[in-house]
Amino acid sequence: MRKLNTYIRAGKWNKRKYESAELLAYKKIIEGALEIGESHDISFYKYYLIMDVLHILGYEIKPSDEAKIEIVKKRYYEDFVDDLIDKNIVDKLFASFKYKGKDRGKRLLALSKFFSHRDETDYLRLMVQNLTFKELVPAKIMVTATMSAGKSTFINALTGKYVCLSQNLACTSKIHSIVNKAYEDGYAYEYDHDLVMTAGREELLNDNEFNDSDKIFVGTSFEGFLKGQRIIINDSPGVNFSGDQEHKIITDKLIKGRNYNLLIYVMNATQLGTNDELEHLDYVKHIVGRTPVLFIVNKIDAFNVEEESIEDTILRQSEFLKRNGFKNPLICPMSAKAGYLSKQFENGNLTRTEKRELYNYIDKFEQMNLSKYYANTFKKIKVDDFEKEELQLQKTCGLAYVEKIVIQLTTGGQKNGASIC
């Protein structure tokens, strides 16, 4: 860690927010690794150090950085005698970043033949994967709802991570942008006045009081079918027309900006057609234009399948939306809570109480047979069965179908989702 600090300071990059945050993350990760006894001789890290420098710089090397890089290399060569390193490899690592796109990736991967450790080659491949992902144009999703629709739980279900606190009104007064990462590295980042690259539960679920903007950015690797997709989810404050008008003002501004490829409107299956809903739907209809809208009828688990027909409920909701100006609305019934618990089971993160809840959902959704609705309504969307019943819940509760539909609508689906029906 001391040497890494030295190289970043030699290039005077330590004064920039991103690089400083990366250094703090490295310090935390390295110290954690040392605590469990992971250590090697310094010669083992000789090429990792250079790749770490490139990673901390965000793989962005400008022409103005070339003089700084020469200073860094001079310090580096002083730390390692010539018989320990191959200067040609070091030069080629830095030189690769003068190129763009596929050329840069090819040049980086070509260096793997010089490395003696498999982990060094794996590091190179992850760098290329990160760079390739970074160059993709992200699909931007806007999620909106009135209060109590379960919007935060829905976003947690999509990501498979607990990134939104559903019961904290102060939290929902900010616009949360949740950015999918190229791959799972075990860490989340948050930019909330401060940039924290190893954000834990406390940072993710509590607003920084010094953040005087209306935005918070979170980065994590999404679980499920959205894993590896270049997606940004914008979570707007929940709208309550009789409550805090600040939430409505921020949400209206975000919708009016139309900086999204898909708008997801989350509705509470137990409170359809409220006055708040009517007003918010009217605003969305007049602003959204031709941008596709996906309606999520959430909390479908509240239905009594022996007394209520989900098909009839969805039909009534479809007619309601048509009367309010939405032609051929795309409607997805689901339970965000059930889907979230299923993903948490996969990661081994459930409490005893949550496990009981999970198995109750498994039984309930086997009876509901939502898969039949999706097969009839979204004929081109196919979801294979999962081997374990705990994971099959992601399909039976509707979450897996929603993820596939989101991918289709943001990566080439015809306008208004005609290609998925």
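Reference entry: report on the structure contained in this document. (Residues numbered from 1 in each chain as written. Predicted model: local features only at pLDDT ≥ 70, side-chain atom pairs only at ≥ 80, totals over all residues. Heavy atoms only, no water.)

A few words now on the overall build of the chain. Along the chain, the regular secondary structure elements total 17 helices and 9 strands. For 421 residues, the compact-globule formula gives about 22 Å, and the C-alpha radius of gyration of the chain, at 24 Å, lands near that figure. Overall, the C-alpha framework of the chain stretches about 80 × 45 × 40 Å when taken along its three principal axes. Partitioning the intrachain contacts of the chain with sequence separation of at least 6 by distance along the chain shows that 77% fall at a separation of at least 24. On the chain, roughly 20,900 Å² of surface is accessible, and the fraction owed to carbon and sulfur atoms is 49%. A gap of 7 Å separates the mean positions of the 61 positive and 60 negative side-chain charges of the chain. (Helix = DSSP H or I, 4+ residues; strand = E, 2+ residues; numbered from the N terminus. Rg over C-alpha atoms; globule rule 2.2 N^0.38 Å. Contact = heavy atoms within 4.5 Å. Areas by Shrake-Rupley, 256 points an atom, 1.4 Å probe, with all protein chains shown as cover. Lys, Arg positive; Asp, Glu negative; His and termini not counted. Charge placed at Lys NZ, Arg CZ, Asp CG, Glu CD.)

Looking along a regular strand, one sees side chains alternate from face to face of the sheet. Of all 6 residues in strand β8 (residues 293-298), 6 are buried, a share of seventy percent or more. Of the two faces of β8, the one carrying Val293, Phe295 and Val297 and the one carrying Leu294, Ile296 and Asn298 are both buried. One ladder, built from 6 bridges, connects strand β7 (residues 262-268) with β8; its direction is parallel. Its bridge partner lying in β8, Asn268 is registered against Asn298. Of the crossover connections in this fold, the one passing from β7 over helix α11 (residues 275-288) to the parallel β8 is right-handed. Strand direction decides the pairing type here: β8 and strand β9 (residues 330-333), joined by 4 bridges, are parallel. Within β9, the position partnered with Phe295 by the bridge is Ile331. (Buried < 20%, exposed > 50% of the residue type's maximum accessible area, 1.4 Å probe, protein only. Pairing = 2+ DSSP bridges. Right-handed = clockwise from strand over helix to strand, strands pointing away.)

By secondary structure assignment, the location of Tyr48 is in helix α3 (residues 46-56). Distance from Tyr48 to Glu120, taken between C-alpha atoms, is 6.9 Å for residues 72 residues apart in sequence. Every residue in contact with Tyr48, bar those within four places of it in the chain, is listed here: His117, Asp119, Glu120 and Tyr123. At 3.2 Å, the side chain of Tyr48 forms a polar contact with the backbone nitrogen of Glu120. (Polar contact = N/O pair within 3.5 Å; in protein donor to acceptor, adjacent residues only side chain to side chain.)

What the 9 strands build is an open sheet, ordered β4-β3-β5-β2-β6-β1-β7-β8-β9; its pairing is mixed. With partners counted over all chains shown, the strands left at the sheet margins are β4 (194-196) and β9, one partner each. Between one strand and the next, the sheet's axes are offset by a mean angle of 20°, whatever the strand orientation. Against the sheet, helix α10 (residues 245-257) touches β1 (139-145), β2 (175-180), β6 (231-235) and β7, its axis set at about 145° to β1. Taken strand by strand, α11 contacts β1, β7 and β8, and its axis lies near 170° from that of β7. (Axes fitted to C-alpha atoms, helices over the stretch in contact; angles between N-to-C directions.)

Take it as geometry only, folks, not as evidence of what the structure does.
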